[in-house]
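So the chains spell out like this:
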Amino acid sequence: MVRYVMLANSWPLFHRVGGVILSRWAHFLAGITWIGILYYFNFVQVPSFAAFEAGTRTEATAKLVPRALWWFRWGAMLTLLSGISILAFQDQFDGDYFKTAPGVSIAAGIVLALVMFSNVWFVIWPAQKRVIANAQNVMAGSPADPAAAGFARRGLMASRTNTLFSIPMLFFMAATSHFAPFHTSDSSGKRGAFLGIVLTLAGIIALQL
Ligand code: HEM
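Residues numbered from 1 in each chain as written. Predicted model: local features only at pLDDT ≥ 70, side-chain atom pairs only at ≥ 80, totals over all residues. Heavy atoms only, no water.

Now for the site of the ligand. Inspection of the region around the ligand gives 22 residues, with R24, H27, Q90, M173 and S177 positioned closest. In the model, an oxygen atom of the ligand is placed 2.4 Å from a nitrogen or oxygen of the R24 side chain. Interatomic distance of 2.5 Å between a side-chain N/O atom of H178 and an oxygen atom of the ligand. Contributing elements (two or more residues each) for the shell around the ligand: α1 (2-51), α3 (65-89), α4 (101-139) and α5 (148-178). For the shell around the ligand, the residue count by class is 13 nonpolar, eight polar and one charged. (Near = heavy atom within 4 Å. Polar contact = N/O pair within 3.5 Å; in protein donor to acceptor, adjacent residues only side chain to side chain. Helix = DSSP H or I, 4+ residues; strand = E, 2+ residues; numbered from the N terminus. Nonpolar A, V, L, I, M, F, W, Y, C, P; charged D, E, K, R; others polar.)

With that settled, consider the packing of aromatic side chains. As enumerated under the stated definition, the model contains nine aromatic pairs in all. Here Y39 and F43 contribute two aromatic rings whose centre-to-centre distance is 5.7 Å and whose plane-to-plane angle is 50°, an arrangement assigned as tilted. Taken as a pair, Y39 and F43 lie in helix α1 at a separation of four residues, close to a single helical turn. Here F43 falls in the exposed class, since its relative accessible area comes to 57%. Between F41 and F72 the ring centres are 5.2 Å apart and the planes differ by 75°, which places this aromatic pair in the edge-to-face class. You can see F41 sitting in helix α1 and its partner F72 sitting in helix α3, a full 31 residues away along the chain. Judged by its relative accessible area of 1%, F72 is buried. Within the aromatic cluster, the residues linked to one another by ring pairs are Y40, F41 and F72. (Phe/Tyr/Trp six-rings, centres within 6.5 Å; stacked < 30°, edge-to-face > 60°. Buried < 20%, exposed > 50% of the residue type's maximum accessible area, 1.4 Å probe, protein only.)

Distances and angles like these do not, on their own, reveal function.
Rendered as structure tokens:
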């Protein structure tokens, strides 16, 4: 009985430490890993590779890019899983959470982040697998795959979309708990329209780039 009471009393502490704190901490670590490598690809690697000699570029694509992409895509996976874990442990999370202003804010962030996640796993990674395989084959003395340049371009476009999306996505992630106007529980009944606009803009940008 005493043991049962002690266990029951320690549950809120376990819940806060184990659930709320650890999932947020994991979310930051995974998020910076993912988005940090995304910015590295866009602002450092792409312009540097364009200035490399062809042989140097092939070697870097065969040996450096697979490692960067491993951390990139698994960082994206852990960001998603830890984000879902934050939601699951949130005190205010019930059927009505997504009707409140913080709920609408995080829904907007999650919509943008899910487009980005899909780009990583379903566009960038499959395209880059072809580019890496081509570089490794060329290094082994096989002829180059003529389709490789097209795959590289497709991956690059999705990567640019993600770089652009990261700006509003991070705004909504942080706004949920930290920006005063988002703290009210009243979303003034326009949440459907707001999320509709976010989705439409996200769709237009994703298709344009
Ligand atoms: C992939 C899907 C994602 C989901 C499902 C998700 C989910 C969440 C949730 C539920 C919160 C808590 C909001 C709150 O109550 O304060 C949050 C916060 C946050 N997320 Fe995400 N997120 C995702 C992607 C990302 C990405 C890609 C980043 C990039 C770094 C990110 C960075 C953050 C940050 C900085 C916070 C603020 C944490 C705080 O203020 O304590 N998230 N996210």
